[in-house]
Amino acid sequence: MPTLLIVHHTPSPNCQAMLEAVVSGATAPEIEGVDVVRRPALSASAADVLAADACLLGTPANIGYMSGALKHFFDQVYYPCLDATQGRPYGCYVHGGSDVTGALRAIDTITTGLGWRRTAAPVTVTGAPGKDDIEACWELGATLAAGLMGGI
């Protein structure tokens, strides 16, 4: 069974709402035969990444960068996963108070270095997520999971 790994750092109610929407989309009744595994960024491991067929990353933007927890995740998995995960599909969502540009750029830089390929547009939200933002998160989760049904 293909596996979607959701790696997240969720320190706020806004990030929690986005995570819940992503998980809801990834586990929608129409999605069949995909195992969805959630791991906090501080406990996700190289073994989790190696066992997954796609990754969905979630982080707040902290002082113009991804969270330290997501950076820690990348530090732990980068070299152990570098060769084995080339071409790995991924998507991401980022929440910030005012600007998420630096966080998104950092994720893009690291995933490019890993050789991963973004298969869905990132969801970026500043301020409290509105209905459209929550729907976009749901779509992100559904898109990544549905892609595994068809072998993205």
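Refer to the preceding data block for the structure.
A short tour of the structure in this document, coming up. (Residues numbered from 1 in each chain as written. Predicted model: local features only at pLDDT ≥ 70, side-chain atom pairs only at ≥ 80, totals over all residues. Heavy atoms only, no water.)

One can find Gly 87 in the loop between helix H3 (68-81) and strand E5 (89-96). Between the C-alpha atom of Gly 87 and that of Ser 12, which follows or precedes it by 75 residues, the distance is 32 Å. (Helix = DSSP H or I, 4+ residues; strand = E, 2+ residues; numbered from the N terminus.)

So, on to helix H1 (residues 13-26). Taking 1.5 Å of rise per residue, 14 residues should cover 20 Å, and H1 covers 20 Å from first to last C-alpha, within 8% of that figure. All of the buried residues in H1 are Cys 15, Met 18, Leu 19, Ala 21, Val 22, Val 23, Gly 25 and Ala 26. Tucked into the core, H1 has its buried residues touching strand E1 (3-8), strand E2 (35-40), strand E3 (54-62), E5, strand E7 (123-126) and helix H5 (131-149). (Expected span 1.5 Å × (residues − 1). Buried < 20%, exposed > 50% of the residue type's maximum accessible area, 1.4 Å probe, protein only. Contact = heavy atoms within 4.5 Å.)

A word on the nonpolar core. Counting residues in hydrophobic clusters, the biggest one holds 30 residues, and the most contacted among them are Leu 57, Leu 70, Phe 73 and Phe 74. Taken together, the elements giving at least two residues each to this core come down to E1, helix H2 (46-51), E3, H3, E5 and helix H4 (101-114). In contact with Leu 57, other than residues within four places in its own chain, are Val 7, Leu 70, Phe 73, Phe 74, Tyr 90, Gly 91, Cys 92, Tyr 93, Ile 107, Thr 111 and Trp 116. Listed in part, the 23 residues of the second largest apolar core include Ala 21, Ala 28, Ile 31 and Leu 148. (Core = buried A, V, L, I, M, F, W, Y, C linked by side-chain atoms within 4.5 Å.)

Our focus in this paragraph is H4. The end-to-end C-alpha separation of H4 is 20 Å, in line with the 20 Å expected for 14 residues at 1.5 Å each. Where the residues of H4 are buried, they touch E3, strand E4 (65-66), H3, E5 and E7. Gly 115 sits one or two residues past H4 and shows a positive phi near 80 degrees.

We now examine the pairing of E2. Across 6 bridges, E1 lies against E2 in parallel orientation. Within the sheet, the bridge partner assigned to His 8 lies in E2 and is Pro 40. Crossover handedness for the path E1 to H1 to E2: right-handed. (Pairing = 2+ DSSP bridges. Right-handed = clockwise from strand over helix to strand, strands pointing away.)

This next bit is on the packing of aromatic side chains. This model, assessed by the stated rule, comprises 4 aromatic pairs. Look at Phe 73 and Phe 74: their rings are 5.3 Å apart centre to centre, the planes differ by 50 degrees, and that puts the pair in the tilted class. Neither residue differs from the other here; Phe 73 and Phe 74 are each classed as buried. Ring centres of Tyr 78 and Tyr 79 lie 5.0 Å apart, and the angle between their planes is 80 degrees; on these two criteria the pair is classed as edge-to-face. Tyr 78 gets classed as partly exposed once you look at its relative accessible area, which sits at 21%. An aromatic cluster is built from Phe 73, Phe 74, Tyr 90 and Trp 116, whose rings are joined through pairwise contacts. (Phe/Tyr/Trp six-rings, centres within 6.5 Å; stacked < 30°, edge-to-face > 60°.)

Now for the packing of H1 against H5. H5 packs onto H1 with a crossing angle of 40 degrees between their chain directions and a minimal axis gap of 6 Å. Considered as vectors, H1 and H5 are oriented oblique to each other. Between H1 and H5 lies a crossing of right-handed hand. Between H1 and H5, the residues in contact are Ala 17, Met 18, Ala 21, Val 22, Ser 24, Gly 25 and Ala 26 and Ile 134, Cys 137, Trp 138, Leu 140, Gly 141, Ala 142 and Ala 145, respectively. (Axes fitted to C-alpha atoms, helices over the stretch in contact; angles between N-to-C directions. Parallel < 35°, antiparallel > 145°, perpendicular 65-115°, else oblique. Left-handed = near helix turned anticlockwise from the far one by under 90°.)

Once that is clear, we can look at the side chain of Thr 111. Checked against the element boundaries, Thr 111 lands in helix H4. Here the side chain of Thr 111 touches Tyr 90 through a polar contact of 2.9 Å, side chain to side chain. When sequence neighbours within four positions are dropped, the list of residues in contact with Thr 111 reads Leu 57, Phe 74, Tyr 90 and Trp 116. (Polar contact = N/O pair within 3.5 Å; in protein donor to acceptor, adjacent residues only side chain to side chain.)

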